[in-house]
Amino acid sequence: MSETKFTPGPWEVINGGDIFGPLGGDSGDGLRAETNDGWQVAEVRQYPAFTDEGLVDMGKGVTKANAHLIAAAPELYEALEVFGRLADQLDGDDEVERTPDDEWAKFRLLAADYMKARAALAKARGES
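Residues numbered from 1 in each chain as written. Predicted model: local features only at pLDDT ≥ 70, side-chain atom pairs only at ≥ 80, totals over all residues. Heavy atoms only, no water.

**Focus: the overall build of the protein**
Thinking step 1. For the protein, the helix and strand inventory stands at four helices and five strands.
Thinking step 2. Along its sequence from the N terminus, the protein presents helices and strands in the succession β-β-β-β-β-α-α-α-α.
Thinking step 3. Put simply, the protein has 128 residues, and 23% of those count as buried.
Thinking step 4. Across the protein, every contact between residues at least 6 apart in sequence was considered, and the portion connecting residues at least 24 apart equals 39%.
Thinking step 5. Carbon and sulfur atoms form 55% of the exposed surface of the protein, whose accessible area is close to 9200 Å². (Helix = DSSP H or I, 4+ residues; strand = E, 2+ residues; numbered from the N terminus. Buried < 20%, exposed > 50% of the residue type's maximum accessible area, 1.4 Å probe, protein only. Contact = heavy atoms within 4.5 Å. Areas by Shrake-Rupley, 256 points an atom, 1.4 Å probe, with all protein chains shown as cover.)

**So, the pairing of strand 5 (residues 54-57)**
Each regular strand shows side chains that alternate between the opposite faces of the sheet.
Thinking step 1. Across four bridges, the pairing between strand 4 (residues 48-51) and strand 5 is antiparallel. Note on strand 5: the bridge partner recorded for Pro48 is Asp57.
Thinking step 2. In sequence, strand 4 turns back onto strand 5 through a hairpin of two residues. (Pairing = 2+ DSSP bridges.)

**Quick word on the packing of aromatic side chains**
Thinking step 1. Following the criterion strictly, the structure yields one aromatic pair and no others.
Thinking step 2. Measuring from centroid to centroid gives 5.1 Å for Phe6 and Tyr77, while their planes differ by 75°, and the two rings are edge-to-face. A residue pair is termed long-range when its members are at least 10 positions apart, and Phe6 in the segment before strand 1 (12-14) and Tyr77 in helix 2 (residues 73-91) qualify at 71 residues.
Thinking step 3. Phe6 gets classed as partly exposed once you look at its relative accessible area, which sits at 24%. (Phe/Tyr/Trp six-rings, centres within 6.5 Å; stacked < 30°, edge-to-face > 60°.)

**Overview of the nonpolar core**
Thinking step 1. Residues Trp11, Ile19, Ala42, Val44, Ala67 and Ala71 constitute the largest nonpolar core, which totals six residues.
Thinking step 2. Ala71 has contacts with Trp11, Glu12, Val13 and Ile19, leaving out every residue within four places of it along the chain. (Core = buried A, V, L, I, M, F, W, Y, C linked by side-chain atoms within 4.5 Å.)

What follows is the structure in structure tokens.
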């Protein structure tokens, strides 16, 4: 897997829509914030968009949910990496006898999901 270049987590939502990395954290390119500061990695606000009803602001609940999804990005990335390593290890294990009813067979059915996970990781690294 390629080396990541984004600001390391954990990220947290502050003020309902500002997403920051940890205090004193790395920016992603080696610069460290002071111990009482962190890097702002995103801002989610209620900007309007044109709809069939005209110009409408995004609801506060949706804005908050979007901010929390963005804040979870480093942990989601890490979970996908773990899933990918597990799949790679199992795929290379030819010594295990498998039957259609075993857990390995069920795991193999997730191959399409595994490819989606790998594509998401590549996108997060800016490779696609």
